[in-house]
Amino acid sequence: MAQILPVPNPTKSYWLSEPHRLAKFRSTPDLPATCDVVIIGSGMAGITTAYHLLHSNNHPPNVVILEARDLCSGATARNGGHCKVKVPTFAGFKPGSGSSTVDDMASYVHGIMDSLKQIVEEENLDCEFELRRTFDIQLDRDESKRLKRVYDESSKAGNVWTKTADYIDERFAGQITSIKGAKAAFTGPACSFWPYKFVSQLLARLLAQHSQSLNFQTTTPATSVTSSEDGSSLIHTSRGTIKAQKVVFATNAYTAGLIPQFHDIITPVRGMASHIVPKEPIHPHLSNTYNIDFGPEKGTDYLNPRPDGSIVVGGGAWLFSSDRPSWFNNFDDATPFRPQVEQHWEGYMQRNFRGWEESGAEVDKVWVGIMGRTPDGWPHVGRVPGVKNQWMLAGFNGGGMALILTAAKAVAKMVKEDTGFEDVAGGLGVPDFFGTSEERLQAGNGVE
Ligand SMILES: Cc1cc2nc3c(=O)[nH]c(=O)nc-3n(C[C@H](O)[C@H](O)[C@H](O)COP(=O)(O)OP(=O)(O)OC[C@H]3O[C@@H](n4cnc5c(N)ncnc54)[C@H](O)[C@@H]3O)c2cc1C
């Protein structure tokens, strides 16, 4: 079976335009031969797991973080920088294999926004963090009516997720959101930040505080992980083998490359995003973030206005969805989509936003990123099914910024206490359908 590994020379995203001094860092010229915990992956999942393992710990374990390419060069550095759950997602909520409710999910996500803000403030991370409102806009009238019906039923039933949401009807949707052709909109809570800066600065803090116990190694792909007879794991890399008591897989889209039972369970899929810059900043500034649903024939784009007046916009998936090999089961983030697909971003702001017609807005960058898609839409968190001393958090689909932080805290607790998902998830409010298990692997096989 072909290896699933991050490819060389990935496209450059806007978020990677200011590389951190640790981008190519190696704590030591050689890999340590042994350690307590190896974390594979240095995206949001890997670094926040390390943070929770090391933070406020008087006896921190020896941790090695392995990264196949540069620091945080995967999906976390290629996304929309946007942390929210869409109203249509709440409205279509399916708990998968669990019994947690839609309100458990809403509380979980709101808790993550609080915790992100807390870490940004405590660790003094300069990552353009903003607590915001967000618009979910429908351009299709039937879809907006359908969502309004579900929203009204959920609101009547007292569902907590509706309490932080709000509906804007067709009379005012265009005026309030500035989106041309808006038939209706919901508003909700969101936050945004520069994910690469959050992760790289948090790692820098950890390395400064835990220089004896944390070892970070870039450009070191793990090629396989095997178990040894004494219960520890052998992590084989391009630069030698590390023997570790415990392993955490924070490898998202690439997880099946190291844990074969995740083939067809976590599938790499390509997505596209862009950065658009007006000639001069437009006033009034766009304070909210956006998801624009262009209707059933098309799909939804996500938009994150930046504090300097530019904007990150991603999506356009309907332009390539019929060309399945170009995105599905494809982990090549070095090859751009076809020029006809990338054209989606030309004149995007002028076409869609009132007040931007004369903005002279131009595309600065277009890039590709790889998501880890799961059949039921939920991540896999917990002990690797059937394997001792190995844990994982992966398969965050298109929404990891709103899902990862507390899952990482849960995994760190499992690693520290040598326990499983069911032992810690409830106490931290992690929805039970995030738990990975043999049953979930069986149920998911072949479904797509
Ligand atoms: C185009 C795009 C737009 C998105 N927009 C949003 C958004 O607006 N909001 C949102 O919430 N989510 C969004 N997402 C999803 C979000 O980016 C992911 O869910 C999240 O970043 C996953 O974080 P992670 O740390 O699990 O994975 P990654 O950030 O991908 O980190 C995994 C790391 O593991 C490394 N790795 C993999 N295999 C190995 C190996 N064998 N050895 C060593 N290292 C390895 C990789 O190089 C990578 O650095 C988007 C994703 C994409 C691609």
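For the structure, check the block above.
Parameters and conventions
- Residues numbered from 1 in each chain as written.
- Predicted model: local features only at pLDDT ≥ 70, side-chain atom pairs only at ≥ 80, totals over all residues.
- Heavy atoms only, no water.
- 1 Å grid on protein atoms, 1.4 Å probe; cavity = no way out; pocket = protein on both sides within 12 Å on 5 of 7 lines; lining within 4 Å.
- Points joined across faces, edges and corners; volume = space filled by probe spheres on them.
- Helix = DSSP H or I, 4+ residues; strand = E, 2+ residues; numbered from the N terminus.
- Nonpolar A, V, L, I, M, F, W, Y, C, P; charged D, E, K, R; others polar.
- Axes fitted to C-alpha atoms, helices over the stretch in contact; angles between N-to-C directions.
- Parallel < 35°, antiparallel > 145°, perpendicular 65-115°, else oblique.
- Left-handed = near helix turned anticlockwise from the far one by under 90°.
- Contact = heavy atoms within 4.5 Å.
- Near = heavy atom within 4 Å.
- Polar contact = N/O pair within 3.5 Å; in protein donor to acceptor, adjacent residues only side chain to side chain.
- Areas by Shrake-Rupley, 256 points an atom, 1.4 Å probe, with all protein chains shown as cover.
- Domains from an automatic or database assignment.
- Expected span 1.5 Å × (residues − 1).
- Buried < 20%, exposed > 50% of the residue type's maximum accessible area, 1.4 Å probe, protein only.
- Arc of directions from axis to C-beta.
- Salt bridge = Lys/Arg side-chain N within 4 Å of Asp/Glu carboxyl O.
- Phe/Tyr/Trp six-rings, centres within 6.5 Å; stacked < 30°, edge-to-face > 60°.
- Lys NZ or Arg CZ within 6 Å of the ring centre and 35° of its normal.
- Core = buried A, V, L, I, M, F, W, Y, C linked by side-chain atoms within 4.5 Å.

Student: Mind showing me how you'd approach empty space enclosed by the protein here?
Tutor: If a probe the size of a water molecule is rolled over the atoms, the empty space left behind becomes visible. The tally for this structure, following the rule as stated, stands at two cavities of 30 Å³ or more. Volume-wise, the largest cavity comes out at about 110 Å³. Val-85, Phe-90, Thr-164, Gly-188 and Pro-189 are the residues nearest the centre of the largest cavity, which is lined by 14 residues in total. Elements supplying a minimum of two residues to the lining of the largest cavity: helix H2 (87–91), helix H3 (102–122), strand E4 (130–138) and strand E6 (184–192). Tallied by class, residues from the lining of the largest cavity come to eight nonpolar, five polar and one charged. Lining the second largest cavity are Ile-282, Pro-284, His-285, Leu-286, Pro-305, Arg-306, Gly-309, Ser-310 and Trp-356. Counted by class, the lining of the second largest cavity contains five nonpolar, three polar and one charged residues.

Student: Looking at this structure, how should I read the packing of helix H1 (residues 44–54) against helix H6 (residues 195–209)?
Tutor: Working note: a packed helix pair is described by the angle between its axes plus the distance between those axes. Between H1 and H6, the least distance of the axes is 10 Å, while the angle of their chain directions is 30°. Comparing the axis directions of H1 and H6 gives the class roughly parallel. The hand of the H1/H6 crossing is left-handed. Across the interface between the two elements, Met-44, Ile-47, Thr-48, Ala-50, Tyr-51 and Leu-54 of H1 pack against Phe-198, Val-199, Leu-202, Leu-203 and Leu-206 of H6. Looking at the contact of H1 with H6 residue by residue, the classes come out as 10 nonpolar, one polar and no charged.

Student: Mind showing me how you'd approach the site of the ligand here?
Tutor: Near the ligand you find 42 residues, and of these Glu-67, Thr-76, His-82, Ala-222 and Met-401 are the closest. In this structure, a nitrogen atom belonging to the ligand sits 2.9 Å away from a main-chain N or O atom of Ala-222. Take Gly-400: an N or O atom from its main chain is 3.0 Å from an oxygen atom of the ligand. Relative to its unbound accessible area of 1000 Å², the ligand is 98% covered by the protein chains. Listing elements by their share of the shell around the ligand, those giving two or more residues are H1, strand E11 (267–277) and strand E15 (362–373). When we break the shell around the ligand down by domain, the ones giving at least three residues each are domain 1 (14–78 + 196–265 + 376–444) and domain 2 (131–190 + 268–373).

Student: Please clarify how helix H4 (residues 141–156) should be interpreted in this entry.
Tutor: Since there are 3.6 residues in each turn of an α-helix, residues three or four apart along the chain are aligned in direction. Its 16 residues give H4 an end-to-end C-alpha distance of 22 Å, which sits within 8% of 22 Å, the value for a rise of 1.5 Å per residue. Within H4, the full set of buried residues consists of Glu-143, Ser-144, Leu-147, Val-150, Tyr-151 and Ser-154. All buried residues of H4 lie within an arc of 125° about the axis, which places them on one face of the element. Of the exposed residues in H4, the ones pointing more than 90 degrees away from its buried face are Asp-142, Arg-149, Glu-153 and Lys-156.

Student: I'm lost on the pattern of salt bridges in this one. Help?
Tutor: Once their charged atoms are close, side chains differing in charge can pair, the charge on each being opposite to the other. The tally for this structure, following the rule as stated, stands at 17 salt bridges. Of the charged contacts, one joins Arg-440 and Asp-376 as a salt bridge, the two residues approaching to 3.0 Å between their closest N and O atoms. Placement of the pair is Arg-440 in helix H11 (residues 438–444) and Asp-376 in the loop between E15 and strand E16 (380–383), with a sequence separation of 64 residues. By relative accessible area, Arg-440 is classed as buried at 4%. Look at Asp-376 and you get partly exposed, because its relative accessible area is 31%. One network of salt bridges, in which partners are shared, links Arg-69, Arg-78 and Asp-333.

Student: What am I meant to see in the packing of aromatic side chains here?
Tutor: What characterises a pair of aromatic rings is the spacing of the ring centres plus the angle enclosed by the ring planes. This structure, assessed with the given rule, holds 23 aromatic pairs. With centroids separated by 5.6 Å and ring planes inclined at 50°, the aromatic side chains of Phe-294 and Trp-318 adopt a geometry described as tilted. Taken together, the residues span a long stretch of sequence, with Phe-294 in the loop between strand E12 (289–293) and strand E13 (300–305) and Trp-318 in the loop between strand E14 (311–314) and helix H7 (339–342) at a distance of 24 residues. Measuring from ring centre to ring centre gives 4.6 Å for Trp-378 and Phe-433, while their planes differ by 45°; the resulting arrangement is tilted. Placement of Trp-378 in the loop between E15 and E16 and of Phe-433 in the loop between helix H10 (421–428) and H11 is noted, with a sequence separation of 55 residues between them. When its relative accessible area of 9% is taken as the criterion, Trp-378 is described as buried. Through successive ring pairs, a cluster of aromatic residues spans Phe-90, Tyr-151, Trp-161, Tyr-167 and Phe-186. When the ring centre of Trp-194 is taken as origin, the NZ or CZ atom of Lys-197, which lies over that ring, is 4.0 Å away. It is Arg-270 that lies over the ring of Phe-337; its NZ or CZ is 4.2 Å from the centre.

Student: Is there a simple way to explain the environment of Arg-351 in this structure?
Tutor: Tracing the sequence through the fold places Arg-351 in helix H8 (residues 348–352). Distance in space between the C-alpha atoms of Arg-351 and His-236 is 51 Å, their sequence separation being 115 residues. Residues in contact with Arg-351, not counting those within four places in the same chain, are Lys-180, His-344 and Glu-346. Among the polar contacts made by the side chain of Arg-351, one reaches the main-chain carbonyl oxygen of Glu-346 at a distance of 2.6 Å.

Student: Just checking my understanding: could you explain the nonpolar core for this structure?
Tutor: In a soluble, globular protein the nonpolar side chains are often hidden away together inside. If you look at the biggest cluster of nonpolar residues, it comprises 85 residues, and the most contacted ones within it are Leu-116, Phe-198, Leu-393 and Phe-434. Here this core gets 10 residues from one element, more than from any other, and that element is H3. Each of domain 1 (14–78 + 196–265 + 376–444) and domain 2 (131–190 + 268–373) accounts for three or more of the residues forming this core. Apart from the residues lying within four places of it in its own chain, the contact partners of Leu-393 are Ala-45, Thr-49, Val-248, Phe-249, Ala-250, His-380, Val-381, Ile-404, Ala-407, Ala-408 and Val-411. Grouped together as the second largest cluster of nonpolar side chains are 31 residues, Phe-135, Ile-179, Val-269 and Phe-353 included.

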